[in-house]
Amino acid sequence: GDEFAVIMCDIRGRHEVEALCREIVAAATTPFDVLGGQAMVGISIGIAIAPAAGLDRSELARKADIALYQAKRGGGLNFAFFSDDMSQAVRQRRELETDLGRALKSGTELDVVFQPRYAAEGLVLSGVEALLRWHHPRIGAISPYTFIGLAEDCGLINPLGDLVLRRACTATRAWDLEAVSVNVSAIQLRQGDFAERVLTLLDETGMQPGRLEFEITESTLIGGSDASARNLATLRAAGVKISLDDFGTGHSSLSYLMRLEVDRIKIDRSFVRAIGESAQSNSIVQAIVTMAHAVGVTVTAEGVETQEQQDFLVAIGCDHLQGYLLSPPLSALRMIEIIADKDARRAKSDIEAA
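Here we summarise the structure given alongside this text.

Rules of the game
- Each chain carries its own residue numbering, running from 1 in the written order of its sequence.
- Note on the predicted model: pLDDT of at least 70 is required for a residue's local features to be given, and 80 or more for side-chain atom pairs to be given and counted; whole-chain, interface and lining totals, by contrast, use all residues.
- Calculated side-chain values reflect all of the structure's heavy atoms, with hydrogen atoms and water omitted.
- Geometry is summarised by axes, namely lines fitted to C-alpha atoms with helices restricted to the contacting stretch, and by angles between N-to-C directions that run from 0 to 180 degrees.
- A run of H or I in DSSP becomes a helix once it reaches four residues, and a run of E becomes a strand once it reaches two; helices and strands are each numbered from the N terminus.
- Here is the rule for angles: anything less than 35 degrees is roughly parallel, anything more than 145 is roughly antiparallel, 65 through 115 is roughly perpendicular, and the remaining ranges are oblique.
- We call two residues in contact when some of their heavy atoms are within 4.5 Å.
- Three classes are used: nonpolar for Ala, Val, Leu, Ile, Met, Phe, Trp, Tyr, Cys and Pro, charged for Asp, Glu, Lys and Arg, and polar for all others, with Gly counted as polar.
- Pairing of aromatic side chains here covers Phe, Tyr and the six-membered ring of Trp, requires ring centres within 6.5 Å, and sorts the geometry by plane angle: under 30 degrees stacked, over 60 edge-to-face, intermediate tilted.
- Only protein chains enter the accessibility calculation, which uses a 1.4 Å probe; a residue is then buried when its area is under 20% of its type maximum, exposed when over 50%, and partly exposed in between.
- Directions from the helix axis toward the C-beta atoms define the arc.
- Expected helix span is taken as 1.5 Å per residue step, with the number of steps being one fewer than the number of residues.

1. Considerations on the packing of helix α2 (residues 57-73) against helix α3 (residues 84-106)
One can describe the packing of α2 onto α3 by two numbers: an axis separation of 10 Å at closest approach and a directional angle of 80 degrees. Considering their axes alone, α2 and α3 lie roughly perpendicular with respect to each other. Between α2, through Arg62, Ile66, Ala67, Tyr69 and Gln70, and α3, the contact on the second element is made entirely by Met86, Ser87, Val90 and Arg93. Across the contact of α2 with α3, the residue classes break down as 5 nonpolar, 2 polar and 2 charged.

The structure is reproduced here in structure tokens:
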């Protein structure tokens, strides 16, 4: 594999260990020539020192591995010494993994909520984004930023993604909306049978493919595997829409929009939050909208929280708005009430017009 052990004996202090680690990192990351180009190796190091971390060789290796994981979480190309709080964090993480697996099997702790998306013109409800929530019986609400990453690391992201998609399609298939958006991770897209499973699920739930929209990050689209590309092509051919999430935070440009064939971009909330702070901030958002419209791509601004942001986005021609100013994520039952109210008002308007 790609893991190695280094044993240092008779060390006089941590400074000697740190010095060796720096030498190893420097040596491993020095670029070298391969097939006419240059390559480099990344490396992370975890350290456990006896007797403080124990004397049993298996225990020392386990604790060095925990420190190694910490070094990787810090961005790699680094080293970390084991400490007792690391062990506690790993134990808590493993417990959370077990709890997530249990929650997935029971389904009772996991809930899908829906954040409305409004057309900028007239602020008419046009779609929803399905969002997963985990209500842990002991801890309470756990942030998706915590448990989605956990699911990806421990191999639960595929069944978790299937659960969200099935519940979202089952709940929204009869709603009078243009589309329901569901987030998809790079790991899901890399599964060879992902597109086939999605189309089967759509058929089982009676959801029209043209009303489903997958939200995918830029890194997933640009750095995806061949399997990812095949899955996306199959889904698009069936009518499923593709949305580029967090636009502007990576290498986004007009050339990418033309090459990636996306149906929608979502302006990252960091840009929306900066509206009104400076003329430069406003110009960046306006440039994104203009750029997307130039290639026929719809634009949604997420994270709209102030009236100033809303007014500016409407004025520059942003197509759709989403954020707490308009609505927080809502339960399926509450969404049904809102859609029924919208239909009643539209029917009344039609009668008055007649």
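2. Points about the packing of aromatic side chains
For the structure on display, the rule yields 4 aromatic pairs. Ring centres of Phe114 and Trp175 lie 5.2 Å apart, and the angle between their planes is 70 degrees; this geometry places the pair in the edge-to-face category. Linking Phe114 in strand β5 (residues 110-119) with Trp175 in the loop between α5 (157-172) and β8 (179-183), this pair joins segments that are 61 residues apart in sequence. Its relative accessible area of 8% is what places Trp175 among the buried residues.

3. Quick notes on helix α13 (residues 307-315)
Taken residue by residue, α13 has Gln309, Gln310, Phe312 and Leu313 as its buried positions. Buried residues of α13, viewed axially, fall in a sector of 170 degrees; they line one side.

4. Focus on helix α1 (residues 14-28)
Over its 15 residues, α1 extends 21 Å from the first C-alpha to the last, a length consistent with the 21 Å expected when each residue adds 1.5 Å. When we look at burial in α1, the residues that qualify are Glu16, Val17, Cys21, Val25 and Ala28. At its buried positions, α1 is contacted by β3 (44-47) and β4 (78-81).

By themselves these figures say nothing about function.
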